[in-house]
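A look at the structure
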Amino acid sequence: MCLLASATAAAPIPMTPAAPHNLPIAGALAKQLRAHVEYLAGPDLDGRKPGTPGNRAAADYLTARFREAGLHSFPSLGGYGQPLPQGLGDNLIGVKLAAGTGTATPWLLIGAHYDHLGNHRLGADDNASAVAILIETARTLPALQHHHLLFVAFNAEEPPFIRTPLMGSQHFIDHLPSEIGSPARIQAVIIMDLMGGVHWEPLRNTIFAAGAEKSPELYRRLKEATNRDADLQSSPLITRHSSPITPLTVLPVGLHLIEELPLVGQVSFSDYDAFRNKAVPFLFLSSGRTPRYHQPTDLPETLHYERMAATVGWLQDLLRAVDEDREPYRFEAGRMEFADEVASLRPLVSLASKQETKIPDTSFLSLWMLQKDSAWLESLDPARPTQDDVKRLERISIRLQCLLADFPGCFLF
Ligand SMILES: [Zn+2]
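This section reports on the structure supplied with the text. What you see is a predicted model; the values in this text were computed from it and never measured.

**Examining the overall build of the protein chain**
Within the protein chain, the regular secondary structure consists of twelve helices and eleven strands. Looking at the protein chain as a whole, 58% of its 413 residues are labelled buried. As presented, the protein chain carries roughly 16,800 Å² of accessible surface, and 55% of it is formed by carbon and sulfur atoms.

**Let's talk about the coordination of the zinc ion**
Donor atoms from the polypeptide that bind the zinc ion are Asp 126 (OD), Glu 158 (OE), Glu 158 (OE) and His 294 (NE2), placed at 1.9 to 2.4 Å. With four donor atoms in place around the zinc ion and angles of 56 to 140 degrees between them, the coordination shape is irregular.

**Describing the environment of Ala 184**
Locating Ala 184 in the fold gives a position in the loop between helix H5 (168-174) and strand S5 (186-192). Counting along the chain gives 144 residues from Ala 184 to Pro 328, while the straight-line C-alpha distance between them is 8.8 Å.

**Here we look at the pairing of strand S8 (residues 247-252)**
Burial within S8 is extensive, with five of its six residues counted as buried. Sheet topology note: the strand S6 (residues 206-210)/S8 ladder contains four bridges and is parallel. Residue pairing for S8: Ala 209 is matched across the bridge by Pro 252.

**Thoughts on the packing of aromatic side chains**
The final tally for this structure, using the stated rule, is nine aromatic pairs. Aromatic side chains Phe 66 and Tyr 80 sit 5.5 Å apart centroid to centroid with 90 degrees between the ring planes, which places their arrangement in the edge-to-face category. With Phe 66 in helix H3 (residues 53-68) and Tyr 80 in the loop between H3 and strand S1 (81-83), this pair connects stretches of sequence that are 14 residues apart. Per residue, the accessibility class of Phe 66 equals that of Tyr 80, and both read buried. Here the aromatic rings of Phe 74 and Trp 107 are separated by 5.6 Å at their centres, their planes lie at 70 degrees, and the arrangement is edge-to-face. Of the two residues, Phe 74 is situated in the loop between H3 and S1 and Trp 107 in strand S3 (residues 107-113); the sequence distance between them amounts to 33 residues. Overall, the relative accessible area of 3% leaves Phe 74 in the buried class. Among the aromatic residues, those joined into a cluster by ring pairs are Tyr 272, Phe 282, Phe 284 and Phe 331. The ring of Phe 269 carries the charged tip of Arg 289 above its face, separated from the ring centre by 4.8 Å.

**Looking at the environment of Asn 55**
Tracing the chain through its elements places Asn 55 in helix H3. Here Asn 55 is in contact with Arg 48, Lys 49, Pro 50, Leu 88, Gly 89, Tyr 114, Asp 115 and Asn 155, once residues within four sequence places are set aside.

**Focus on a nonpolar patch on the surface**
A cluster of nonpolar side chains, Phe 364, Leu 365, Trp 368, Phe 411 and Leu 412, forms an exposed patch at the surface whose accessible area comes to about 570 Å². Residue placement: Phe 364 occurs in helix H11 (residues 364-379). Judged by relative accessible area, which is 70%, Phe 364 ranks as exposed.

**Some thoughts on the packing of H11 against helix H12 (residues 387-404)**
When two helices pack together, their arrangement is given by the angle between their axes and by how far apart the axes lie. Direction vectors running N to C along H11 and H12 enclose 140 degrees, while the axes themselves pass 11 Å from each other. Between H11 and H12, the angle falls in the class oblique. The two elements H11 and H12 cross, and the hand of that crossing is left-handed. Here Ser 366, Met 369, Leu 370, Lys 372, Asp 373, Trp 376 and Leu 377 of H11 come into contact with H12, specifically with Asp 389, Arg 392, Leu 393, Ile 396, Arg 399, Leu 400 and Leu 403. Per-class residue counts for the contact of H11 with H12 are eight nonpolar, one polar and five charged.

**Topic: unusual backbone geometry**
Only a minority of non-glycine residues have a phi that is not negative, and only a minority of peptide bonds are not trans. Here the residue pair Asp 126 and Asn 127 is connected by a cis peptide bond, since its omega of 10 degrees sits within 30 degrees of zero. Here the amide bond leading from Pro 159 into Pro 160 is cis, since omega sits at 5 degrees, within 30 degrees of zero. In this structure, Pro 160 sits in the loop between strand S4 (148-154) and H5. Despite not being glycine, Leu 194 has its phi angle at roughly 60 degrees, a positive value. You can see Leu 194 is positioned in the loop between S5 and S6. Despite not being glycine, His 294 has its phi angle at roughly 60 degrees, a positive value. Secondary-structure assignment places His 294 in the loop between strand S11 (282-286) and helix H9 (305-323). His 294 sits in the buried class, given a relative accessible area of 16%.

Thresholds applied
Residues numbered from 1 in each chain as written. Predicted model: local features only at pLDDT ≥ 70, side-chain atom pairs only at ≥ 80, totals over all residues. Heavy atoms only, no water. Helix = DSSP H or I, 4+ residues; strand = E, 2+ residues; numbered from the N terminus. Buried < 20%, exposed > 50% of the residue type's maximum accessible area, 1.4 Å probe, protein only. Areas by Shrake-Rupley, 256 points an atom, 1.4 Å probe, with all protein chains shown as cover. Donors = N, O, S within 2.8 Å, 3.2 Å for Na, K, Ca; no water. Tetrahedral: all angles 85-135°; square planar, octahedral: opposite > 155°, others 65-115°. Pairing = 2+ DSSP bridges. Phe/Tyr/Trp six-rings, centres within 6.5 Å; stacked < 30°, edge-to-face > 60°. Lys NZ or Arg CZ within 6 Å of the ring centre and 35° of its normal. Contact = heavy atoms within 4.5 Å. Patch = residues over 30% accessible without salt bridge, like charges linked within 9 Å, V, L, I, M, F, W, Y side chains within 5 Å. Salt bridge = Lys/Arg side-chain N within 4 Å of Asp/Glu carboxyl O. Axes fitted to C-alpha atoms, helices over the stretch in contact; angles between N-to-C directions. Parallel < 35°, antiparallel > 145°, perpendicular 65-115°, else oblique. Left-handed = near helix turned anticlockwise from the far one by under 90°. Nonpolar A, V, L, I, M, F, W, Y, C, P; charged D, E, K, R; others polar.

Structure representation (structure tokens):
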């Protein structure tokens with residue numbers, strides 16, 4: 001009693017449990033991923049806040065893992081670290097050169113931010129999960145034939161740095177290592193953020209893929225990874241891969257379904273933004289926010305490591321497919337694949353609108369709104385969307401994300 005009282009007095013930590021999922025973990029890769037997360041999101045590093053010893057310790061850990069993976073560093077940087085201003089710490093940049101020889105070989109970048117909030121918020125899902133996937137992809141993926149691989153662990157993604165020049169990914173694109181030259185030399189970027197969380201059973205083995213729709217060629221590669229025997233209803237867009245015990249579902253959604261907030265307008269949420277603004281094709285992967293988002297309950301024991309292991313394998317297949325493409329990808333900032341977005345959301349909204357399969361803690365009002373959403377989605381002709389149809393799909397998507405994170409007032413959208 002006394003201990004509890006003094007602990008809460010020292011820091012405002014909610015006493016809600018971490019909601020462990022008893023998710024199975026069996027494979028060696030999943031255990032390896034868990035070891036990375038347990039270190040990076042362990043109490044000693046206290047949340048890896050930029051400019052703190054914990055952030056530096058995380059950078060040291062990444063440096064050691066990059067070295068073990070045989071990654072090169074850029075001579076212009078003299079090591080993996082690219083320092084940020086104001087003593088915030090480093091971006092960490094590792095290189096795996098293409099096996100084939102060629103002049104002006106393009107780059108493929110796989111990136112994830114490694115900083116978090118600190119002050120007892122340890123950031124397992126956000127974003128040790130994605131950094132663990134980054135490390136294991138760097139370790140296990142052999143050099144590609146036609147593209148150099150860049151593995152980048154960005155610093156300073158979290159507030160107050162997000163959407164400022166100090167944000168690690170923004171600093172990277174504004175100060176590209178001379179070996180890369182210009183953003184136009186980067187064929188495509190894959191950004192991962194929040195890759196291990198689970199809150200709703202139907203999404204247990206699902207991650208979302210957004211942004212690739214702005215590049216027709218990258219989107220084609222994403223869709224080619226489709227496997228039609230997916231189990232989440234019968235959307236032809238659902239793609240699968242397997243770890244030893246977990247199937248993976250990768251669900252394409254349009255970036256505007258994540259970014260367009262009612263009353264607020266467009267807001268970017270991760271490291272893809274700096275690349276989008278330079279017209280670099282990108283794919284943003286995320287399993288989305290859970291109720292543990294930015295809370296002290298975002299802890300290593302709540303993550304789905306087997307799904308993360310499956311993601312490592314899926315990423316490798318995707319990168320090998322992208323490596324076949326020798327022509328530069330096009331990029332059209334306003335491009336969307338509305339019919340595919342509808343196909344992705346229809347089964348989710350249908351499940352979320354039913355009492356038996358609803359998202360935990362859905363209020364009566366939200367359930368009623370979702371039933372109307374679901375009926376509208378079923379009657380919609382996705383081949384000819386009006387501006388109002390696009391707006392409504394955005395509101396439905398935000399309602400789902402709101403419920404999945406257990407934010408208040410989700411019926412308002
Ligand atoms: Zn965050």
